[in-house]
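Each chain, letter by letter, is given below.
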Amino acid sequence: MTLDLDFVRAQFPAFSQASLQGQAFFENAGGSYTCGAVIDRLTRYYTQRKVQPYAPYNASRLAGEEMDEARTRLAAIMGVDTDEVSFGPSTTQNTYVLAQAFAEFMAPGEAIVVTNQDHEANSGPWRRLTERGIEIREWQIDPETGHLDPETLANMLDEQVRLVVFPHCSNVVGEINPVTEITSIAHAAGAFVCVDGVSYAPHGIPNVGELGPDIYLFSAYKTYGPHQGIMVMRRVLGMTLPNQGHHFNGDTLYKRFTPAGPDHAQVAASAGMADYIDTMASHHNIAGSAAEKGAGVHDLMRAHEEVLLQPLLDYASSKNSVRLIGPAQAASRAPTVALASQENAEDLAEKLVKHGIMAGGGDFYAQRPLGAMGVDLSKGVLRLSFTHYTSKGEIDQLLNALDDIL
Ligand SMILES: Cc1ncc(COP(=O)(O)O)c(C=O)c1O
């Protein structure tokens, strides 16, 4: 079974907008197009249900039910319990709340392992805990390849380490880290695990229950949804860490790490992400439980992306004027391709505009990995990122454009 791309693109209103015709979108790692199911739910919420939710009158009851539906259905896809899923304004804000919880939970002198492969969102909030007496140990990437070696981590762990944080996949290196293997190494040493899945989830929402981390974070606005951060917090850790919400909400797991009132409309509209996965599953004859459908759709997306990605990696590897960051094999990475060169990356992105390519240049808040790999941060990287809705025609358009500007 291969992906029916016409069907896929019909689910995204952006592809039928006159203003976007001829424009090939390659900044998906910054934020994806939104699927129609999410937009429809958002419109319905704002027009029919925009009242305080969870009261008995009809509009309110429906609003509350739709918010619950979003958590229930996304949790089922991710193989976790409904109350283990919560929403926050963004992944960065979720991480800051978590860091605050760990600061209260940990004793001075205890340690957290961070990486220099992460986006700043899963790095800075933890590193700041040195101010609270927490030791920070940095698990470092290989400066040539950007690779994070699990064996190195194993040698960094001892009974002081309470938490290991790392990305499922970096937003510039692109390599998919073996989450389950790393999690078992950390768990065996008695540490909890927090995974930043922001750069991975858009390529197929994972089964977090099977993967095994205690915390898994991703951003709905990069996964065809509204501008929300989604957090999976497994029960044991969630009920162990100090409550960060109102004191009277402390018994409700999904309220413990969301101190702000949630954005009701966007939480409700996130159920559209589950609609999209269901629609994709039924169109491609993928049956079974929500988690099975999620896994089937994940595999379809990944397979399509891998076929499209390899020619871009081959092209980048063959060019002397650019350095491909991360692996050259599509199977081991996400289609988030960063290229370093002697030219300023923002200028390169600008040159791509006349070719109808929407891409960006800069450091993408990944200064630590780029710096560790010796990339000149004043020039940055040109980042070309796509998803399963990208077509072969758009890849060809990109390759022709790159040929002209590089
Ligand atoms: C890998 C990664 N982690 C975290 C973030 C931060 O996500 P948010 O914008 O939801 O705070 C980003 C955003 O670009 C990212 O790419």
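Presented here is an overview of the structure given in this document.

1. Digging into the overall build of the protein chain
Argument step 1. Of the regular secondary structure elements, the protein chain holds 15 helices and 13 strands.
Argument step 2. Seen through its principal axes, the protein chain has C-alpha atoms that stretch 60 × 55 × 35 Å.
Argument step 3. The buried share among the 406 residues of the protein chain stands at 57%.
Argument step 4. If you take every contact in the protein chain between residues at least 6 apart in sequence, the share linking residues at least 24 apart comes to 68%.
Argument step 5. In the protein chain, the 29 positive side-chain charges and the 48 negative ones have mean positions that sit 5 Å from each other.

2. Details of the environment of Gly229
Argument step 1. Structurally, Gly229 is set in strand β8 (residues 229-233).
Argument step 2. A relative accessible area of 0% places Gly229 in the buried class.
Argument step 3. In sequence terms Gly229 and Ser219 are ten residues apart; their C-alpha atoms lie 4.4 Å from each other.
Argument step 4. Setting aside residues no more than four positions away along its own chain, Gly229 makes contact with Ser86, Phe87, Gly88, Pro89, Ser90, Thr91, Asn94, Phe218 and Ser219.

3. Some remarks on the site of the ligand
Argument step 1. Within the structure, the ligand sits among Ser90, Thr91, Thr92, His119, Ala121, Asn171, Asp196, Val198, Ser199, Ser219, Tyr221 and Lys222.
Argument step 2. Between the ligand and the protein, one listed contact pairs an oxygen atom with a side-chain N or O atom of His119 at 3.4 Å.
Argument step 3. In this structure, an oxygen atom belonging to the ligand sits 2.7 Å away from a side-chain N or O atom of Ser219.
Argument step 4. Bound to the protein, the ligand loses 90% of the 390 Å² it would expose on its own.
Argument step 5. Of the residues in the shell around the ligand, the class split is three nonpolar, seven polar and two charged.

4. Examining a negative patch on the surface
Argument step 1. Together, Asp142, Glu144, Asp149, Glu151 and Glu181 give the surface a local cluster of negative charge.
Argument step 2. Inspection of the secondary structure puts Asp149 in the loop between β4 (135-139) and α6 (150-154).

5. Details of the pairing of β8
The side chains of a regular strand alternate between the sheet's two faces.
Argument step 1. Among the five residues of β8, five are classified as buried, and the element is accordingly described as predominantly covered.
Argument step 2. Along β8, one buried face is formed by Gly229, Met231 and Met233 and the opposite face, lined by Ile230 and Val232, is buried too.
Argument step 3. Pairing between strand β2 (residues 85-88) and β8: four bridges, direction antiparallel. Bridge pairing in β8 links Phe87 to Ile230.
Argument step 4. Across five bridges, the pairing between strand β7 (residues 215-219) and β8 is antiparallel.

6. Quick look at the sheet that holds strand β9 (residues 322-324)
Argument step 1. Spatial ordering of the open sheet is given by β9-β10-β13-β12, a layout of four strands whose pairing is antiparallel. In the strand order of this sheet, the two ends are held by β9 and β12 (360-362), each with one partner. When strand polarity is set aside, the average angle formed by the axes of neighbouring strands in this sheet is 30 degrees.
Argument step 2. In terms of strand pairing, β12 meets strand β13 (residues 381-385) through three bridges, oriented antiparallel. Its bridge partner being in β13, Gly361 is matched across the sheet by Leu382.

What counts, and at which threshold
Think of each chain on its own: its residues are numbered from 1, step by step along the sequence as written. Confidence filtering applies because this is a predicted model: local features only for residues at pLDDT of at least 70, side-chain atom pairs given and counted only at 80 or more, and all residues used for totals across whole chains, interfaces and linings. Processing note: side-chain calculations cover all non-hydrogen atoms of the structure and skip hydrogens and water entirely. Helix and strand definitions here come from DSSP, where helices need a minimum of 4 consecutive H or I residues and strands a minimum of 2 consecutive E residues; each element is numbered from the N-terminal end. Here's how the labels work: a residue is buried when its accessible area is under 20% of the maximum for its type, exposed when over 50%, partly exposed in between, all with a 1.4 Å probe on protein chains only. Two residues qualify as a contact provided that any one of their heavy atoms is within 4.5 Å of a heavy atom in the partner residue. Note that His is not counted, nor are the chain ends; the positive residues are Lys and Arg, and the negative ones are Asp and Glu. Here the site of a charge means atom NZ of a Lys, CZ of an Arg, CG of an Asp or CD of a Glu. If a single non-hydrogen atom of a residue is within 4 Å of a molecule or strand, that residue counts as near it. For this analysis, a polar contact is any N or O atom pair within 3.5 Å, provided that within protein one partner can donate a hydrogen and the other can accept it, and provided that sequence-adjacent residues contribute only side-chain to side-chain pairs. Each accessible area is a Shrake-Rupley result for a 1.4 Å probe, and residues are judged covered by the shown protein chains and nothing else. Under the scheme applied here, ten amino acids are nonpolar (Ala, Val, Leu, Ile, Met, Phe, Trp, Tyr, Cys and Pro), four are charged (Asp, Glu, Lys and Arg), and all others, including Gly, are polar. Patches were defined on residues exceeding 30% relative accessible area and lacking a salt bridge, with like-charge contacts within 9 Å and nonpolar side-chain contacts (Val, Leu, Ile, Met, Phe, Trp, Tyr) within 5 Å. A pair is scored as a salt bridge if a Lys or Arg side-chain nitrogen falls within 4 Å of a carboxyl oxygen belonging to Asp or Glu. Here a strand pair is declared whenever DSSP counts at least two bridges between the two strands. Lines are fitted to the C-alpha atoms to define the axes, a helix being fitted only along its stretch in contact, and any angle between axes, read from their N-to-C directions, falls within 0 to 180 degrees.

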